[in-house]
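# Architecture at a glance
Residues per chain, in single letters:
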Amino acid sequence: MPSTKSPLYMVTWRCTRRCVGSCLYCSYIPEYAKDTEVDTKTAKKIVDEIHNFGSNWFGISGGEPLVRQDIFEVIEYAQKTYGMETSLITSGFAFDERRLNELARLNVHTAVSIDGTRESNDKIRGKGAYDKAIYAMKRLSEHNILDCVVTTMTKFNIHDMVHPTELAAEYNARMVVYHNTVPVGRAGPNMVDLAPTADQYETAFNEIYDLQVKYLNKVKVNVYAPFYARIVRQRNPMDFWDWFENGFLGKCTIGGNYISVTENGDYRPCGFHEEHRLGNVQDKKLVDVWNELQQSDLHLKLRDKSNLKGRCGVCEYREICGGCRTRAEYYTGDLFESDPACNYIPKVLREENQ
């Protein structure tokens, strides 16, 4: 048993940036790689650190995790050594019968990425990508290990938000998750052209809330975007706090509410920000990095929403939202500035203009 109880039920390892796909919004450019991916021995050390941290779930992302030759060896190590539950996300590009059988044998909770209808998905992910994802969903569902359908919102699929939830229901996935577009790495300039407008996000998030209500008790609908909390607060104030505390995945994490491990073993406090690194698994324990993070001057300042600037700083919803700090920094150069993807005008500013 771990010596501590983790504040996070899951810690995710981005096991590789390698991929057989070519999605338009991919943040990876080879020259920007921090380092090469860790070997199997160090991968198992990452598992050790996550267990010692107290997390019961070992999450695996990429790139495409299924291209790692040792991925099932590492998963089996986590399960047999520590009894950890494991989850993995795939695009379906590297999905075949052998990999399916291994995922099923190890009972890996598997998510599939798909970005809208065949037309919008293949515009983003390449011709044939939709059919590959659907095939993966169908086969995973047959083995009762399809956990989640994951969609990234872009200008090409922003009007197709219903479809991923319909697919999740059809193939008996536990959850569907919508990611907003966050410009990261050197791929940021390309993502700016792909990002929906603030008004498009507003319309889409209200549509997603309708799906959340419609599919209640059938498919859990969630959004990785801080300002989705404001939408739910406005639409359903009675049930908001229980959902916010126990069900919402989209809170900005860079203030010390999250930690993950990259392909080279670095720790980072945001699933999008490539620059903020907190040391490496080779020379630092995860539990120590987490404790240091909780006392970091930068992260303490980020946690205090009164330090936010612009519209985010005066917004009456800032304590439940506060915007995406990584996106704010990309567009403005300031980690504390307003998130430009939100179209909401705070009450105090509306009153000033009356």
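Residues numbered from 1 in each chain as written. Predicted model: local features only at pLDDT ≥ 70, side-chain atom pairs only at ≥ 80, totals over all residues. Heavy atoms only, no water.

A few words now on the nonpolar core. Ranked by internal contacts, the top residues of the largest apolar core, which has 84 residues, are Trp-13, Phe-205 and Tyr-228. The next biggest cluster of nonpolar side chains, apart from the first, holds seven residues, and it includes Ile-254, Cys-270, Leu-302 and Cys-312. (Core = buried A, V, L, I, M, F, W, Y, C linked by side-chain atoms within 4.5 Å. Buried < 20%, exposed > 50% of the residue type's maximum accessible area, 1.4 Å probe, protein only.)

Our focus in this paragraph is the pattern of salt bridges. Under the criterion given, the structure shown has 27 salt bridges. Taking the shortest distance from any N to any O, the salt bridge between Arg-277 and Glu-274 comes out at 2.8 Å. Residue Arg-277 shares its accessibility class with Glu-274, and that shared class is buried. Within the structure, one salt-bridge network assembled from shared partners comprises Arg-14, Arg-17, Glu-263, Asp-266, Arg-268, Glu-274 and Arg-277. (Salt bridge = Lys/Arg side-chain N within 4 Å of Asp/Glu carboxyl O.)

Counting across every chain of the model gives 18 aromatic pairs. Measuring from centroid to centroid gives 6.2 Å for Phe-95 and Tyr-135, while their planes differ by 75 degrees, and the two rings are edge-to-face. Here Phe-95, found in the loop between β3 (85-90) and α3 (97-105), pairs with Tyr-135, found in helix α5 (residues 129-142); they are 40 residues apart in sequence, far enough to count as distant. A relative accessible area of 11% means that Phe-95 is categorised as buried. With centroids separated by 5.5 Å and ring planes inclined at 20 degrees, the aromatic side chains of Tyr-201 and Phe-205 adopt a geometry described as stacked. One end of the pair, Tyr-201, and the other, Phe-205, are both in helix α8 (residues 198-214), four residues apart, so they sit about a helical turn from each other. Phe-205 matches Tyr-201 in its accessibility class, with the two residues each being buried. Within the aromatic cluster, the residues linked to one another by ring pairs are Tyr-201, Phe-205, Phe-227, Tyr-228, Phe-240, Trp-241, Trp-243, Phe-244 and Phe-248. Here the guanidinium or amino end of Lys-251 rests over the ring plane of Phe-244, the centre of that ring lying 4.4 Å away. Cation over ring: Lys-301 sits above Phe-336, and NZ or CZ is 4.9 Å from the ring centre. (Phe/Tyr/Trp six-rings, centres within 6.5 Å; stacked < 30°, edge-to-face > 60°. Helix = DSSP H or I, 4+ residues; strand = E, 2+ residues; numbered from the N terminus. Lys NZ or Arg CZ within 6 Å of the ring centre and 35° of its normal.)

This part covers unusual backbone geometry. The omega torsion of the bond from Gly-62 to Gly-63 falls at 25 degrees, within 30 degrees of zero and hence cis. Along the chain, Gly-63 turns up in the loop between β2 (57-61) and α2 (71-82). Even without being a glycine, Asn-107 presents a positive backbone phi close to 55 degrees. Among the secondary structure elements, Asn-107 is positioned in the loop between α3 and β4 (109-113). With a phi close to 75 degrees, Asn-217 is a non-glycine residue in the positive phi region. In this structure, Asn-217 sits in the loop between α8 and β7 (220-224). According to the relative accessible area criterion, Asn-217 is exposed, its value standing at 77%.

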